[in-house]
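Structure assessment
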Amino acid sequence: MRNRHAKDLTCTLLFAALAVSAPAASKAQDSDDDGIAPIDLSAVDFSSATRLDTVVVKARKFEEPIREVPFTVEALPAEDIASARIKNTADLVGRLPNFNFADTGLTYANTLNIRGIGSSSALISPSVNYYVDGIPLPARVFDQRFMDVRSIEVLKGPQGTLFGLNSQAGAVVVSTQDATPDFGGEIGVEVGSHGERKLDASVGGAITDRVSARLSGTLYGFDGDIRNIVFDGLGNVVQDDMSVREQYSGAISAKVAAELSDSTDAVLSLRHSRTRERPTTGVWLDDPHFPRNAFAPVPETTTETTGGSLEITHDLGFATLTSLTGISHYELDLDADLLDGFIGGAQTGLPPSAFSAAGVNVRRIDETSSQISQELRLNGEFGQGGQWVAGVSGLYSDLESTTDITSLAMANGAYTGRLKKTNLAAFGEVTVPVTERLRIIGGARYTYERQQFDGTYAGRPGGVPGVAAFAESQESTFGFVTGRAGVSFDLAPELTVYGTIARGEKPGGYLFFNQFASAGIPLTEFKSSGTWSYEAGLKGRPFADWLEMSTAVFLNDTSDEQLFTFNPVAGRFDVQNADTRSYGWELTVTARPTDNWHFGAAAGLLHAEITSGGALLEGNDVPYAPEFTASLFAEYRHPLQIAQLAGSAYGRAEYQHVGSRQIDPANSRRLDAYNLVNLRAGWESDSFDVYGFAENIFDESYTTSAYRTGNAVGGGGVFAGIPGTGRTLGLGARVRF
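Residues numbered from 1 in each chain as written. Predicted model: local features only at pLDDT ≥ 70, side-chain atom pairs only at ≥ 80, totals over all residues. Heavy atoms only, no water.

Points about the sheet that holds strand S3 (residues 73-77)
Condition: Paired strands, as defined in this entry, are two strands with at least two bridges between them according to DSSP. Elements are defined by DSSP. Helices are runs of H or I of four residues or more, strands are runs of E of two residues or more, and each kind is numbered from the N terminus.
Read across the sheet, five strands follow the order S3-S8-S9-S6-S7 without closing on themselves; strand pairing throughout is mixed. Since the sheet does not close on itself, it has two edges, and those belong to S3 and strand S7 (135-136), each with one partner.

A short note on the side chain of Asp148
Definition in use: Pairing of N or O atoms within 3.5 Å defines a polar contact, subject to two protein rules: one partner must be a possible hydrogen donor and the other a possible acceptor, and residues neighboring in sequence count only if both atoms are side-chain atoms. Any two residues having at least one pair of non-hydrogen atoms within 4.5 Å are treated as being in contact.
Looking at the element boundaries, Asp148 is found in the loop between S7 and strand S8 (149-156). Polar side-chain contacts of Asp148 include one of 2.7 Å to the side chain of Ser216. In this view, Asp148 contacts Thr176, Gln177, Ser202, Arg214 and Ser216; residues no more than four positions away in its chain are not counted.

Looking at the side chain of Ser127
Summarising the element assignment, Ser127 is placed in the loop between strand S5 (111-114) and strand S6 (128-132). In terms of polar contacts, Ser127 uses its side chain to reach the side chain of Lys506, at 3.0 Å. For Ser127, the contacting residues outside a window of four places in its chain are Ile117, Gly118, Ser119, Asn166, Ser167, Gln168, Ala169, Gly170 and Lys506.

Re the sheet that holds strand S13 (residues 226-231)
Read across the open sheet, the three strands follow the order S14-S13-S18; overall the sheet is mixed. Only two strands of the sheet have a single partner each, and these edge strands are strand S14 (237-244) and strand S18 (292-293). As paired strands, S13 and S14 are joined by five bridges and run antiparallel to one another. Following the sheet pairing, Asn228 is matched in S14 by Asp241.

A look at a nonpolar patch on the surface
Rules: In this analysis, a patch consists of residues with relative accessible area above 30% that form no salt bridge, clustered at 9 Å for like charges and at 5 Å for the nonpolar side chains Val, Leu, Ile, Met, Phe, Trp and Tyr. Only the protein chains shown count as cover for residues, and all accessible areas are computed by the Shrake-Rupley method using a 1.4 Å probe. Here, a salt bridge means any Lys or Arg side-chain nitrogen found within 4 Å of an Asp or Glu carboxyl oxygen. When a residue's accessible area, from a 1.4 Å probe over protein chains only, is under 20% of the maximum for its type it is buried; when over 50% it is exposed; and in between it is partly exposed.
Together, Phe183, Ile187, Val189, Val191, Leu199, Val203, Leu215, Leu219, Ile252, Leu731 and Phe737 line one region of the surface with nonpolar side chains, adding up to about 1000 Å² of accessible area. Contributing elements (two or more residues each) for the nonpolar patch: strand S10 (184-192), strand S11 (196-206) and strand S12 (211-222). If one sorts the elements of the nonpolar patch by residue count, S10 sits on top with three residues. Note that Ile252 resides in strand S15 (residues 246-261). Accessibility expressed as a relative area gives 44% for Ile252, which makes it partly exposed.

Focus on the nonpolar core
For clarity, the threshold we go by: Side-chain atoms within 4.5 Å are what join buried Ala, Val, Leu, Ile, Met, Phe, Trp, Tyr and Cys residues into a set we call a nonpolar core.
Ranked by size, the top nonpolar core spans 25 residues in total, and within it Tyr108, Leu334, Tyr415, Phe453, Tyr457, Leu511 and Leu523 carry the most contacts. Of all the secondary-structure elements, those providing two or more residues to this core are strand S20 (320-337), strand S23 (411-433) and strand S24 (438-463). Here this core gets four residues from one element, more than from any other, and that element is S20. Core analysis: the next-biggest nonpolar cluster, separate from the first, contains 24 residues, Ile86, Phe101, Val128 and Val174 among them.

Looking at the environment of Glu472
Mapped onto the fold, Glu472 is located in strand S25 (residues 469-492). Its relative accessible area of 8% is what places Glu472 among the buried residues. Filtering out sequence-adjacent residues up to four positions away, Glu472 remains in contact with Tyr415, Phe453, Asp454, Gly455, Asn514, Pro522 and Leu523. Among the polar contacts listed, one links the side chain of Glu472 to the side chain of Tyr415, at a separation of 2.7 Å.

Have a look at this one:
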């Protein structure tokens, strides 16, 4: 159970955070022309301070300053992404409060939650959706390496009003670099520990007076960082290397922007990637020599993705019409040793070499998915600052996944699940300026979803006896309304307080893999999950132009959350609907008190509890919802000319803390908190950069996620986990032209 003092601390910190608005009223001796009283800090000398740029986001499908968005948005421009070396989702979540990530070892099975809401298995639809250039990514391939990114916006709280789908907890909006008429490009290279290497390049410019293009590509390699030991039948070591987590990937993207007429523009984006990995599917957590595996052979997985989008905008005079068409396709396959030798030994009491025979315990997965989406949207303005958005959207997806099991301890055979989804929606939202300082918002979305599921199982001799064949078919429809309403008020020209109520929902449905098919037992449909979310906050510049902050408190009541939990009686996992409640506090601050210094800090408190579900679940913590997360960074830059080339030297230090968290709804094990320290230093100019980096400089050993693999022969559970990355050292350089 969590510390009950967290609630009192949350309230105390809320009052402290909101107290910064007091000077806005007490200093209201004079007013600007707009009638809003500024905060008077004239007695303080900030002559060397740097005014922060205004952050503009598109969290509500139109551009607006981030402080005017009536919910929490974490925005990272390209410069911040590069400075912090944010390469993928794991790097991103470590810098944002209450944004949590479970690395399962398999990139297509990783999961996210925001503020204690999120799926605990990749077999269930996610509660956080990724969008790249406005197009939703298929849930199984959201966790790709970022490439040629212009900005990342993390939208917290239900986003069902404008983004729909399964944005019950929030959405991640990734925007890639635009194709512009100006010719230019860059080439970057990095090398690091464990054979890590990366090469990326981009180039763009005008093709004609009305057409511009941009081409980007990247290659990445990593030789592995987890020990794998292969035994012969007598227990002798025949191979011992660091090959686990080896990865090779390549990606390419192209973007073409065309001015079709004076009032019509079009942007075509294409992308393709291929990744080959040798992942760990789990390391025995209680191994005295953790981390190590005993796979024979090491699992191998290949993922290939292709996608594209076409955005057409047309100025109608009274509004802008946007058509956004997207298409995505991926193929993945996995060939894995079903049971690591050390885990098998912990479960049975046998030596690891007893599980070393190749081909005896094997899991193979072949999966394909195709998705097409279409959105038609109108954006318009009215009055003094009024905004409205209205539109319709549709999405069709077709996923087929085959899992083939060969095992001495399980029924042998192949199960193929095919899940088709059709999602249709109509939505709208309006922002109404009541006064010059007061705004109200309101929006809603109606969603209709149809799911068609078919599953077939073909058994074969070997292992535990099972049925020879089995088939099932299910169909369900869902209709629901989501939306939000809120109010915001400008306490000062650049300081806003707000409050928002939002409704999010995620349809129910079926897993696309049936672990009971060999017994002839059909899948059971799980219910839809709905969330009522309440948020109040303060954002802007309370004291000076060089300091910006955002703070918020929130409460989420979720009914019928879809929890994927281990059943110790059956020895299997299944989905159970249960209610949850989460509440907490967040603070993000960035400051540039001088031209040389840049500081940032973020912190989050979270209490997330399962409030129903019977004796097995009720009162437990929501998994992967740490009570406390925090991050800090400090960056210093100083002008330094080298060989007649003007530039600046810089150094950056980062600290990240992730609190302890439970691994599953049954709270069968709690992972320890961990702390990471990263350093980066270099020299950069307008045309050239060179730098060195050290990540996890103190080589802290930690576990990012874990799961219960079964029971030990003498009683108790056996757990496998995914180790975090140890100390990484590297060098990099970049040339711009």
